[in-house]
Amino acid sequence: SPLKAMRRQMDELPSARLAQRGWNAYSRIDAVEGFESPYLARLYIDSDAWTSILKWDGSLDSVRDLKTWYRARPFSFYDKPHTLVIGPGGGSDVLVALASGSRKVTAVELNPLMLEFVRHYGAQAGNLYNRPDVEIIQSEGRNFVSRTSDQFDVIYLGFVDSWASVASGGLSLSENYLYTTEAFKAYYDRLSPDGMLVILRWDVDIPRLVANSVALLGAKEASSRIVALVEKRDGTPDLQPQMIFMLRKRPFTPEE
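Residues numbered from 1 in each chain as written. Predicted model: local features only at pLDDT ≥ 70, side-chain atom pairs only at ≥ 80, totals over all residues. Heavy atoms only, no water.

Chemist: I'd like to hear about the environment of Arg147, residue by residue, with values.
Modeler: Relative to the elements of secondary structure, Arg147 occurs in helix α4 (residues 141-147). Once the C-alpha coordinates of Arg147 and Ser1 are considered, the two residues, 146 residues apart in sequence, prove to be 40 Å apart. (Helix = DSSP H or I, 4+ residues; strand = E, 2+ residues; numbered from the N terminus.)

This is the structure in structure tokens:
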């Protein structure tokens with residue numbers, strides 16, 4: 001359908017081509033190649049939502065510049081954190097976590113096709129999902145958090161649920177429960193004493209995330225532990241601003 005992102009973007013890019021396709025009970029995944037570097041492929045979920053696989057040589061020195069990307073801002077508070085990425089998809093947030101100094105990244109991905117497609121690119125993608133400092137767990141994020149006894153310095157959810165699931169229904173039951181007050185409590189309990197829950201969403205989602213935090217901690221405690229940063233979209237008024245929401249286990253200091 002021309003209403004789907006995959007169709008529109010392939011029409012706009014003559015070099016784009018379908019490289020892989022897979023189906024399972026969760027969704028259909030299409031891997032499309034032909035985008036400009038550093039993008040190896042874009043993985044489309046039910047032809048609409050997408051996540052990118054980045055070209056990488058496997059050397060952390062070659063991706064240090066990712067620390068300046070807005071998605072890496074939360075890592076500036078930490079030195080060698082243990083990071084949990086829920087819903088890593090094509091792996092860009094895992095790569096950002098590594099580039100920002102994470103000593104270990106635990107990545108929990110619900111859809112096994114995502115893992116299969118990323119691993120297909122092997123050394124071209126730095127063997128990202130086969131590195132010793134990256135632990136891959138194939139599970140639903142909240143279920144994993146409720147079972148693990150580990151503590152994490154950063155729990156990172158970067159646009160985990162997609163609007164594609166609204167149409168297909170395939171992921172709606174699992175993903176809608178990532179942003180409830182009960183889910184916030186589960187994440188909060190798994191943070192280290194200095195840890196931080198980080199959620200990347202659209203700016204319209206800020207009120208819900210703040211409300212969840214207040215329900216969990218009370219207004220006074222939540223107010224000293226929340227920071228929300230909204231990305232500037234100069235020159236692109238048609239794109240909805242993205243937002244980084246941070247909920248810290250301890251209060252932020254005035255300097256922070």
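Chemist: So, the sheet that holds strand β1 (residues 17-23): which residues are in play, and what are the values?
Modeler: Across the sheet, 4 strands lie side by side as β1-β2-β3-β4; this open sheet has antiparallel pairing. Both edges of this open sheet fall to β1 and β4 (49-54), since each of them pairs with a single strand only. Between one strand and the next, the sheet's axes are offset by a mean angle of 20°, whatever the strand orientation. Relative to strand β3 (residues 39-45), strand β2 (residues 28-33) runs antiparallel, the two being bridged by 4 bridges. Paired with Asp30 across the two strands is Tyr44, which belongs to β3. Strand contacts of helix α3 (residues 112-120): β1, β2, β3 and β4, with the helix running at about 145° to β1, the strand carrying the most contacts. (Pairing = 2+ DSSP bridges. Axes fitted to C-alpha atoms, helices over the stretch in contact; angles between N-to-C directions. Contact = heavy atoms within 4.5 Å.)

Chemist: I'd like to hear about the side chain of Asp30, residue by residue, with values.
Modeler: As for its position among the elements, Asp30 is in strand β2. Side chain to side chain, Asp30 and Arg21 meet in a polar contact 2.5 Å long. In contact with Asp30, other than residues within four places in its own chain, are Met6, Leu18, Gln20, Arg21, Arg42, Leu43, Tyr44 and Ser47. (Polar contact = N/O pair within 3.5 Å; in protein donor to acceptor, adjacent residues only side chain to side chain.)

Chemist: Would you mind going over the pattern of salt bridges in detail, with residue names and values included?
Modeler: In this structure the tally under the stated criterion is 16 salt bridges. A salt bridge links Asp189 to Lys185, with the nearest nitrogen and oxygen atoms 2.9 Å apart. Remark: Lys185 and Asp189 occur in helix α7 (residues 181-189); sequence separation between them is 4 residues, near one turn of the helix. The partly exposed category is assigned to Asp189, whose relative accessible area is 36%. Taking relative accessible area as the criterion, Lys185 reaches 43% and is therefore assigned partly exposed. Taken together, the salt bridges that share partners define one network made up of Asp194, Arg248, Arg250 and Glu256. (Salt bridge = Lys/Arg side-chain N within 4 Å of Asp/Glu carboxyl O. Buried < 20%, exposed > 50% of the residue type's maximum accessible area, 1.4 Å probe, protein only.)

Chemist: Tell me about the nonpolar core, residues and numbers included.
Modeler: In terms of nonpolar packing, the biggest core is built from 45 residues, with Leu43, Val94 and Val198 touching the most fellow members. The element that contributes the greatest number of residues to this core is helix α2 (residues 92-99), accounting for 6 residues. Sequence-distant contacts of Val198, defined by excluding residues within four places in its chain, comprise Pro74, Val154, Ile155, Tyr156, Leu157, Ile244, Phe245 and Met246. Core analysis: the next-biggest nonpolar cluster, separate from the first, contains 27 residues, Val145, Ile206, Leu209 and Phe245 among them. (Core = buried A, V, L, I, M, F, W, Y, C linked by side-chain atoms within 4.5 Å.)

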